[in-house]
Amino acid sequence: MESDLISSISIGLATALTWSNLGFCLGGVLLGMFVGVLPGIGAMTAISMLMPLVYHLDPTSALIMLGGIWYGTAYGGSIASILLNLPGTPSTAVTCLDGYPMARQGRAGIALFMTTVASFFGASMGIILMMLFSPVIVNVAFNFTSAEYFSLMVLGLIAASTISAESPIKGLAMVGTGILLGLVGMDLYASVPRFTLGFYELLEGISLVALALGIFGVAEIIASARTDQSGTLMSKVTFRSMIPTQDDRRRSLMPMVRGSGVGVFFGILPGIGPSIASFLAYAWERKVADEPQRFGHGAIEGIIAPEAANNAADQAAFIPTMTLGIPGSPTMALIIGVLIIHGITPGPTLVTERPDLFWGLIMSFWIGNILLLIINIPLIGIWVRLLQVPYGYLYPAVVMFMCIGAFTIHNNPFDVFSIMVFGLMGYGMRVLAFPVAPLILGFVLGPLMEEHFRRAMTISFGDPMVFLQRPVSAGILAITALFLLFSLVSFIRAKAAGTRARGS
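Computed from a predicted model, the values in this text were never measured in an experiment. Just so you know, the residues in each chain are numbered from 1, in the order the chain's sequence is written. Only residues with pLDDT of at least 70 are given local features in this predicted model, and only at 80 or more are side-chain atom pairs given and counted; all residues enter the totals for whole chains, interfaces and linings. Heavy atoms from the whole structure form the basis of all side-chain values; hydrogens and water molecules are not counted.

Right, let's get into the nonpolar core. We define a nonpolar core as any set of buried Ala, Val, Leu, Ile, Met, Phe, Trp, Tyr and Cys residues linked to one another through side-chain atoms lying within 4.5 Å. Accessible area is worked out with a 1.4 Å probe on protein chains only. A residue is then buried under 20% of its type maximum, exposed over 50%, and partly exposed in between. In this structure, Leu66, Phe318 and Met322 are the most contacted members of the largest nonpolar core, which totals 101 residues. If we ignore the near neighbours within four places in the chain, the residues touching Phe318 are Gly67, Trp70, Met130, Thr323, Met332, Ile335, Leu361 and Phe365. Grouped together as the second largest cluster of nonpolar side chains are 17 residues, Ile110, Leu112, Met114 and Ala118 included. We call two residues in contact whenever any of their non-hydrogen atoms come within 4.5 Å of each other.

This is how it looks when you write it as structure tokens:
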């Protein structure tokens, strides 16, 4: 096994260290940091905007670049959280609680430096886990049939819709909507158009690029059009001010380890994601702290634990995505979309048939995180100046590039029209507090679920008990039922508690 690992690492390094892939890795992490610094945009919008580009790139280079954007946003997001009390990404929102008070105490430099170190440590734990356990997961997955894959996808969708949403009912509704949108187009088995409303442009299905750009990018721009989110820096950050004290280093070690453990665990689970991992890491750290009253007033543990957790979760999220073909977040769903665009089937066969892509991506994670560790601190001054740009100047250019990118995929104005329709839909969902992430997961997994469901039913001659007769499939469905039951009970109790509080 050790020799196989060394051989795989060699294949990965040979792929990741080519000049072109190094360039895409550097470009991805820089763009990720830029997106992370700007509050409200996020990795999802950036990756959606670049989806048209991946049609013209080698799949390995495309994944290396998009992966760099994904984990680069976690580094950049902490900068705005600490300096301006504006979370660049949802997963760095908890960093504001202690990061901004540290900045007001004149310790912004220390906070920025230590979050960079914690981010690198957490990401390293996630990468190591992926290197050691991905082959084991693949060996298990080879014994999976369509019944197990269908059950796994159901688990991922239910977990994503019930855990990540305040209302599990709304989450489930969005999953159903996503599945319906994913079924638009030609039925591959019966060769009959479905849900096309008479538009021949929809015979090949709804464009993932148009959907993602609309409900994330355009919806965000509409919501922010009348809001000036630009800020001003409160104090100058120097290199000397970034050196932590001995007490800071002592207080940071164990929170870094615990936060990484939380992030790795929850990053693997579909539907959890870095945001929940970072909040849980913060809550755990506050619970085990000797002086919990320090939290919220500039405790360095309050930024170390969540930053290590969200970066570990970012890297660990690639494990089910690449080895099982099960995306645990909407961003990972887009990663699977990139593979499908290039005719590559995500799952265990990817690891064995395309080891250059799989291990090249893993080795690029090491390179990208090392680059982020080196360049993050010197570039802080640039990111701070970018925060001064009024969003009224930034967003019109973003809309223009989104429309150009969508049009160039098929040279079809219908895709631009689709972006605007989905943008209005996404804004309406935001106003009505419907979660967007379950819709994207349902859209990507819906066609795959249908394929595995129909294949399993064909093999079993139409007997639906096949999903319960296979032990692994039955176990996964049992866990899914527990997820659903727990979420619904928690939601009902929360509603009842709120009603009693209003009554009193």
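Back to the text.
Two numbers describe how helix α10 (residues 246-268) lies on helix α12 (residues 301-316): the axes approach to 7 Å, and their chain directions differ by 30°. The two elements α10 and α12 cross, and the hand of that crossing is right-handed. Residues Arg251, Ser252, Pro255, Met256, Gly259, Ser260, Gly263, Val264, Gly267 and Ile268 of α10 pack against Glu301, Ile304, Ala305, Ala308, Ala309, Ala312, Ala313 and Ala316 of α12. Under the scheme applied here, ten amino acids are nonpolar (Ala, Val, Leu, Ile, Met, Phe, Trp, Tyr, Cys and Pro), four are charged (Asp, Glu, Lys and Arg), and all others, including Gly, are polar. Each residue belonging to the contact of α10 with α12 can be placed in one class, and the counts come to 11 nonpolar, 5 polar and 2 charged. Only C-alpha atoms enter the line fits that serve as axes; for helices the fit covers just the stretch in contact. Angles between N-to-C directions range over 0 to 180 degrees. Numbering of helices and strands runs from the N terminus, with a helix taken as a DSSP run of H or I at least four residues long and a strand as a DSSP run of E at least two residues long. Rotating anticlockwise by less than a right angle from the far helix to the near helix defines a left-handed crossing, while the corresponding clockwise rotation defines a right-handed one.

Let's shift gears to unusual backbone geometry. Residue Ala433 is not a glycine yet carries a positive backbone phi of 65°. When you line up the elements, Ala433 lands in the loop between α19 (413-431) and α20 (437-459). Relative accessible area serves as the criterion here: at 51%, Ala433 is assigned to the exposed category. Although it is not a glycine, Phe461 adopts a positive phi angle of roughly 60°. Looking at the element boundaries, Phe461 is found in the loop between α20 and α21 (466-469). Residue classification places Phe461 among the exposed residues on the basis of a relative accessible area of 79%.

The next thing to look at is the side chain of Asp314. Within the secondary structure, Asp314 is located in helix α12. Positive charges are assigned to Lys and Arg, negative charges to Asp and Glu, while His and the chain termini are left out of the count. Any Lys or Arg side-chain nitrogen located within 4 Å of an Asp or Glu carboxyl oxygen qualifies as a salt bridge. We note that Asp314 is buried and unpaired, the nearest opposite charge coming from Arg430 at a distance of 18 Å. Setting aside its immediate chain neighbours within four residues, Asp314 contacts Trp70, Tyr71, Ala74 and Pro274.

This part covers the packing of helix α2 (residues 19-37) against helix α16 (residues 355-375). At a closest axis distance of 10 Å, the pairing of α2 and α16 adopts a crossing angle of 50°. If you check the angle between α2 and α16, you find them oblique. Here α2 and α16 pass one another in a crossing that is right-handed. Where α2 approaches α16, its residues Leu22, Cys25, Leu26, Val29, Leu30 and Met33 are matched on the opposing element by Ser364, Ile367, Gly368, Leu371, Leu372 and Ile375. Residues of the contact of α2 with α16, tallied by class, amount to 10 nonpolar, 2 polar and no charged. If an angle is under 35 degrees, it is roughly parallel; if it is over 145, roughly antiparallel; if it lies from 65 to 115, roughly perpendicular; otherwise it is oblique.

The next thing to look at is the pattern of salt bridges. Here the structure, examined in full by the defined rule, presents 10 salt bridges. For the salt bridge of Arg194 with Glu450, the shortest nitrogen-to-oxygen distance reads 2.7 Å. Linking Arg194 in strand β2 (residues 193-194) with Glu450 in helix α20, this pair joins segments that are 256 residues apart in sequence. The burial state of Arg194 is the same as that of Glu450; both residues are buried. What emerges from the salt-bridge pattern is a single network uniting Asp247, Arg250, Arg251, Arg294 and Glu301.

Moving on, we come to a nonpolar patch on the surface. Like charges within 9 Å and nonpolar side chains (Val, Leu, Ile, Met, Phe, Trp, Tyr) within 5 Å are joined into patches, using only residues over 30% in relative accessible area that form no salt bridge. Areas reported as accessible are Shrake-Rupley estimates using a 1.4 Å probe. Residue values count occlusion only from the protein chains shown. Judged by side-chain polarity, Met125, Ile128, Leu132, Phe133 and Val136 come together as a nonpolar surface patch covering roughly 390 Å² of accessible area. Among the structural elements, Phe133 can be located in helix α6 (residues 108-141).

Note that predicted coordinates carrying low pLDDT should not be read in detail. The share of residues in the protein with pLDDT of 70 or more is 82%, and the mean pLDDT across the chain is 77. The predictor reports its confidence for every residue as pLDDT, a score running from 0 up to 100. Summarising per-element confidence for the protein, the mean pLDDT is lowest in helix α17 (residues 380-386) (60) and highest in α16 (86).

Here we come to α2. In a helix, the anticipated span is given by 1.5 Å times the number of residues less one. Here α2 contains 19 residues, and its C-alpha end-to-end distance of 27 Å stays within 8% of the 27 Å for a straight helix at 1.5 Å per residue. Of all the positions in α2, only Asn21, Cys25, Gly28, Val29, Gly32, Met33, Val35, Gly36 and Val37 are classed as buried.

Moving on: the side chain of Glu148. On the secondary structure map, Glu148 appears in helix α7 (residues 146-163). A residue is classified by how much of its surface remains accessible, and Glu148, at 2% relative accessible area, is buried. Residues within four places of Glu148 in sequence aside, it is in contact with Arg470, Val472, Ser473 and Ile476.

What follows concerns the environment of Ile326. When you line up the elements, Ile326 lands in the loop between α13 (318-323) and α14 (330-341). The exposure class of Ile326 is buried, given its relative accessible area of 3%. Through-space distance from the C-alpha of Ile326 to that of Met153 is 6.5 Å; in sequence the pair is 173 residues apart. Ignoring anything within four residues of it in the chain, the contact list for Ile326 reads Leu152, Met153, Pro320, Thr321 and Ile336.

By convention, a stacked pair of Phe, Tyr or Trp rings (six-membered ring in the case of Trp) has centres within 6.5 Å and planes under 30 degrees apart, an edge-to-face pair has planes over 60 apart, and any other such pair is tilted. Under the criterion given, the structure shown has 9 aromatic pairs. Plain terms: the ring middles of Tyr71 and Phe365 are 5.6 Å apart, the flat faces sit at 85° to each other, and that makes the pair edge-to-face. Here Tyr71 is found in helix α4 (residues 59-84), whereas its partner Phe365 is found in helix α16, with 294 residues between them in sequence. Neither residue differs from the other here; Tyr71 and Phe365 are each classed as buried. Relative to Phe467, the ring of Phe150 has its centre 5.0 Å away and its plane inclined at 45°; by these criteria the two rings are tilted. Here Phe150, found in helix α7, pairs with Phe467, found in helix α21; they are 317 residues apart in sequence, far enough to count as distant. For the pair shown, Phe150 and Phe467 are each scored as buried. One aromatic cluster in this structure is built from Tyr71, Phe318 and Phe365. Look at NZ for Lys and CZ for Arg. If either is within 6 Å of the ring centre and within 35 degrees of the ring normal, a charge sits over the ring. Across from the ring centre of Phe434, 5.1 Å away, lies the NZ or CZ of Lys170, which sits over that ring.

Position of Leu424 relative to the elements: it lies in helix α19. Here Leu424 falls in the exposed class, since its relative accessible area comes to 59%.

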